[in-house]
Amino acid sequence: MAIRQIREMGDDILEKQCKAVPKMTLRTKILIGDMLETMYEYHGVGLAAPQVGVLKQIVVIDVGEGPIVLINPEIIEASGEQTGEEGCLSVPGKWGIVTRPEHVKVRALDQEMNQVELEGEGLLARAFCHEIDHLFGELYVDKTEDGLHDVAYEDGDAEETEE
């Protein structure tokens, strides 16, 4: 496995639609392993394939309950509403306020290409929405309610500053 370079806002690949994954290949298995390793290395809670330069419908997520791999994911149900801070490994040093569903149900394929349905609330629901948006060329910055804010670090503590 390897740490991959994360593409940042302004890179055209982040604005493109991803293609469905028709079958599991060795190359796809390696990509998934690399995505997980990259997400953990940069302390993210999710990562989508286009963020590492690959236009495939693959996302990895870990909100502290172990890794989730979703291939060709789609949101099939959403309810409620939550508003909170959101950031992205492709938009380093920034955050914004975004409203997302409180509860989300996702249908996807797992690493063995078996169909699965997963449900998430709170942070997991937010991560599902955020990462699946990446597969359609959408970034959270277009959904912020009050623009982007800088995250400034002083003595190891994160501090918020307005842009």
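Just above, that's the structure.
Quick caveat: nothing in here was measured; it's all calculated off a predicted structure. (Residues numbered from 1 in each chain as written. Predicted model: local features only at pLDDT ≥ 70, side-chain atom pairs only at ≥ 80, totals over all residues. Heavy atoms only, no water.)

Visitor: Just checking my understanding: could you explain helix α1 (residues 26–41) for this structure?
Guide: Note on helix geometry: an α-helix contains 3.6 residues per turn, so any two residues three or four positions apart are oriented the same way. Taking 1.5 Å of rise per residue, 16 residues should cover 22 Å, and α1 covers 22 Å from first to last C-alpha, within 8% of that figure. Residues of α1 that are buried include every one of Thr-28, Leu-31, Ile-32, Gly-33, Asp-34, Met-35, Leu-36, Thr-38 and Met-39, and no others. Against β1 (46–48), β2 (58–61) and β3 (68–79) lie the buried residues of α1. A positive phi of about 60° marks His-43, the residue just after α1. (Helix = DSSP H or I, 4+ residues; strand = E, 2+ residues; numbered from the N terminus. Expected span 1.5 Å × (residues − 1). Buried < 20%, exposed > 50% of the residue type's maximum accessible area, 1.4 Å probe, protein only. Contact = heavy atoms within 4.5 Å.)

Visitor: Where do I start with unusual backbone geometry in this structure?
Guide: The phi angle of most residues is negative, glycine excepted, and most peptide bonds adopt the trans form. Of note in this structure, His-43 is not a glycine but carries a positive phi near 60°. By the secondary structure assignment, His-43 is in the loop between α1 and β1. At Asn-72, a residue that is not glycine, the phi angle is positive and equals roughly 55°. Assignment of secondary structure puts Asn-72 in strand β3.

Visitor: What am I meant to see in the side chain of His-134 here?
Guide: Topologically, His-134 is positioned in helix α2 (residues 123–134). Among the residues examined, His-134 registers a relative accessible area of 1% and is labelled buried. Sequence-distant contacts of His-134, defined by excluding residues within four places in its chain, comprise Lys-16, Cys-18, Ala-48, Pro-50, Gln-51, Cys-88 and Leu-139.

Visitor: Even after reading the chapter, I still don't get the sheet that holds strand β7 (residues 115–121), so can you show me in this structure?
Guide: Backbone-to-backbone hydrogen bonds join strands into a sheet, with any given pair of strands oriented parallel or antiparallel. In spatial order, the strands read β1-β2-β3-β6-β7; together these five strands make up an open sheet with antiparallel pairing. Only two strands of the sheet have a single partner each, and these edge strands are β1 and β7. Each strand axis lies, on average, 40° off the axis of its neighbour in the sheet, ignoring direction. With six bridges connecting them, β3 and strand β6 (residues 103–109) associate as antiparallel partners. Bridging across to β6, Ser-79 finds its partner in His-103. Against the sheet, α1 contacts β1, β2 and β3, and its axis sits at roughly 35° relative to β2. Here α2 sits on the sheet and contacts β1, β2, β3, β6 and β7; the angle it forms with β7, its principal contact strand, is near 125°. (Pairing = 2+ DSSP bridges. Axes fitted to C-alpha atoms, helices over the stretch in contact; angles between N-to-C directions.)

Visitor: Is there a simple way to explain the nonpolar core in this structure?
Guide: One recurring pattern in soluble globular proteins is that nonpolar side chains are buried together. Ile-61, Leu-70, Val-104, Val-106 and Phe-128 are the most contacted members of the largest nonpolar core, which has 16 residues in total. The element that contributes the greatest number of residues to this core is α2, accounting for six residues. Not counting residues up to four positions away in its chain, the partners in contact with Val-104 are Ile-75, Glu-77, Ala-78, Leu-118, Glu-119, Gly-120, Ala-125, Phe-128 and Cys-129. Leu-36, Met-39, Leu-47 and Val-69 belong to the second largest nonpolar core, which has 15 residues in total. (Core = buried A, V, L, I, M, F, W, Y, C linked by side-chain atoms within 4.5 Å.)

Visitor: Quick question: what am I supposed to make of α2 here?
Guide: Along its twelve residues, α2 runs 17 Å from first to last C-alpha, staying within 8% of the 16 Å computed at 1.5 Å per residue. Counted residue by residue, α2 has eleven buried out of twelve residues, so it is predominantly covered.

Visitor: Looking at this model, I keep getting lost on the environment of Glu-65. Mind explaining?
Guide: Within the fold, Glu-65 resides in the loop between β2 and β3. Glu-65 gets classed as exposed once you look at its relative accessible area, which sits at 69%.

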